[in-house]
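Topology and contacts: notes
Spelled out, the chains give:
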Amino acid sequence: MPTQLQRAREGTVTAAMERVAEREHRDPEFVREQVAEGEAVIPANRAHDSLDPMIIGRAFGTKVNANIGASETTSDLEAELGKLHTAVHYGADTVMDLSTGGDLDEIREANVEYSPVPVGTVPIYEAVTRVDDVADLTHELLLDVIEKQAAQGVDYMTIHAGVRMEHLPLTDGRKTGIVSRGGSILAQWIEENGMENPLYTKFEAICDIFAEHDVTFSLGDGLRPGCLADASDEAQYAELDTLGELTRTAWDHGVQVMVEGPGHVPMDEVADNVERQQAVCDGAPFYVLGPLVTDVAPGYDHITSAIGATEAARAGAAMLCYVTPKEHLGLPDAEDVRDGLAAYRIAAHAADVANGRPGARDWDDALSEARYKFDWRRQFELALDPERAREFHDQTLPGDNYKEARFCSMCGVDFCSMRIDQDAREAAEDGEGKMEAIDDETDLDDSSAAEVNRPPVGEHDGSDVPDLPKFVDPYGHEEPADD
């Protein structure tokens, strides 16, 4: 059966393209053209029955990925399904299962079964758990793991095929060496075996597996910089040149491709990194981790990275991989997932507004109008995270009567500028003043915005998703009661 890319090249608008066009408020033929040209991907494994198709490409709304996964020391199936539920609820457009511990097959299959969004993996993580030493990895084992995960319904996989033997000396002199897990594993294998990266030498065989199941490549940046000092160096760009070569090879096999980007980059270099990837990889969608624009804020790296992510998306990055407050410190829990997604949904939306995406600012306008009218319930409803907005308001003014108040606890009754402005305009209408009343209203039902730029976040067609198993607290916190 042809892949999405092959069907697009044939001139066919698939059901997935039709659904994407509906979600993006774009013409289906435009969606097909973008996929055919390799400038957008629809990660949609044929075996992922619960999937609500989405698209990743710079011509569409900026997407956000959430990384979840169990480690050797922390988490289990119930916790991972809780993270999946939280990630989807708070606006993840895709999730990556990066599990390195627990029952990997059980966790992966459950994530695919219960996820309406595309699920990605890094198959070398599982491969490493099946040998005593990294050097014992074989070409056959790697292909077997990739084939199995494709058959399980994984929609896209990070394949670190760009880490070449000749690139490794270029990392000498770095402050943090090779910080990608996949990149460091492959570097160790290359050093110990004295052979070329097996994912590079077997890349065409991987393409054949991906074409059979319609899996999308997420070409990993195994030599990405792990600190500002290592950004935009020779090793990073040598790997990028190889990723450009591999992009074209995958396209020749009818397989969709996106390319992963760096994680730590000074702010003044972010746009250059995006533009360079777009040129080297012929416009294939760029999927970036952050990037963090400063290294001094452990515990707040969802903020340091969201700043870089906004700049990257403004420059043309198509998907942002979120970072949580636990980055560099520990395994994130459900609340960390929530905070990371909030930061990255803000980054994605801000970039779409800045780039003039159709209708993107309508959401901002509608919330601003509700704020000016002191329509507190409408503000909560339109907020990126309605529960958090309501919670913060009600910490100081919890009563229902305050939902009608023309002030909040920040300024109080006497010093609320919007209340003062409204009173001044009302007085001007009654007298000889020159200000007029403000009564704007944005109709979001008529907005041309993509689904990711409309409230509420986390909306998907979940009709094919089974009910989650009954376990306690999938959000990691109590859900608030309705007003």
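Residues numbered from 1 in each chain as written. Predicted model: local features only at pLDDT ≥ 70, side-chain atom pairs only at ≥ 80, totals over all residues. Heavy atoms only, no water.

Residues of strand β6 (residues 156–159) alternate between two faces, with Y156 and T158 on one and M157 and I159 on the opposite face, all of them buried. In terms of strand pairing, β6 meets strand β7 (residues 216–219) through four bridges, oriented parallel. Counterpart to I159 in the pairing with β7 is L219. (Buried < 20%, exposed > 50% of the residue type's maximum accessible area, 1.4 Å probe, protein only. Helix = DSSP H or I, 4+ residues; strand = E, 2+ residues; numbered from the N terminus. Pairing = 2+ DSSP bridges.)

Hydrogen bonding along the main chain pairs the strands of a sheet, whether they run parallel or antiparallel. Spatially, β3-β4-β5-β6-β7-β8-β9-β10 is the arrangement adopted by the eight strands of the closed barrel, whose pairing is parallel. Neighbour to neighbour, the strand axes of the sheet diverge by 25° on average, direction disregarded. Here three bridges tie β7 to strand β8 (residues 257–261), and the two strands are oriented parallel to one another. Bridging across to β8, F217 finds its partner in V257. (Axes fitted to C-alpha atoms, helices over the stretch in contact; angles between N-to-C directions.)

The next subject is the nonpolar core. Generally speaking, soluble globular proteins have nonpolar side chains that are buried together. By size, the foremost hydrophobic cluster in this structure holds 102 residues, and its most contacted members are I159, F210, F217, L320, L341 and Y344. Among residues more than four places away in sequence, those in contact with F217 are M157, I159, F203, I206, C207, F210, A250, V255, Q256, V257 and M258. Membership of the second largest hydrophobic core comes to 14 residues, among which are V20, V35, A40 and A59. (Core = buried A, V, L, I, M, F, W, Y, C linked by side-chain atoms within 4.5 Å. Contact = heavy atoms within 4.5 Å.)

Glancing now at the packing of helix α2 (residues 15–24) against helix α3 (residues 28–36). Packed helices, taken two at a time, are described by their axes: the angle between them and the distance between them. Viewed as axis vectors pointing N to C, α2 and α3 meet at an angle of 115°, and their least axial separation amounts to 8 Å. The hand of the α2/α3 crossing is right-handed. On α3, the residues that touch M17, E18, V20 and A21 of α2 are P28, V31 and R32. The class makeup of the residues in the contact of α2 with α3 is five nonpolar, no polar and two charged. (Left-handed = near helix turned anticlockwise from the far one by under 90°. Nonpolar A, V, L, I, M, F, W, Y, C, P; charged D, E, K, R; others polar.)

So, about the environment of E426. If you trace the backbone, E426 turns up in helix α18 (residues 417–430). Under the relative-accessibility criterion, E426 is labelled partly exposed at 48%.

Keep in mind these values describe shape, not function.
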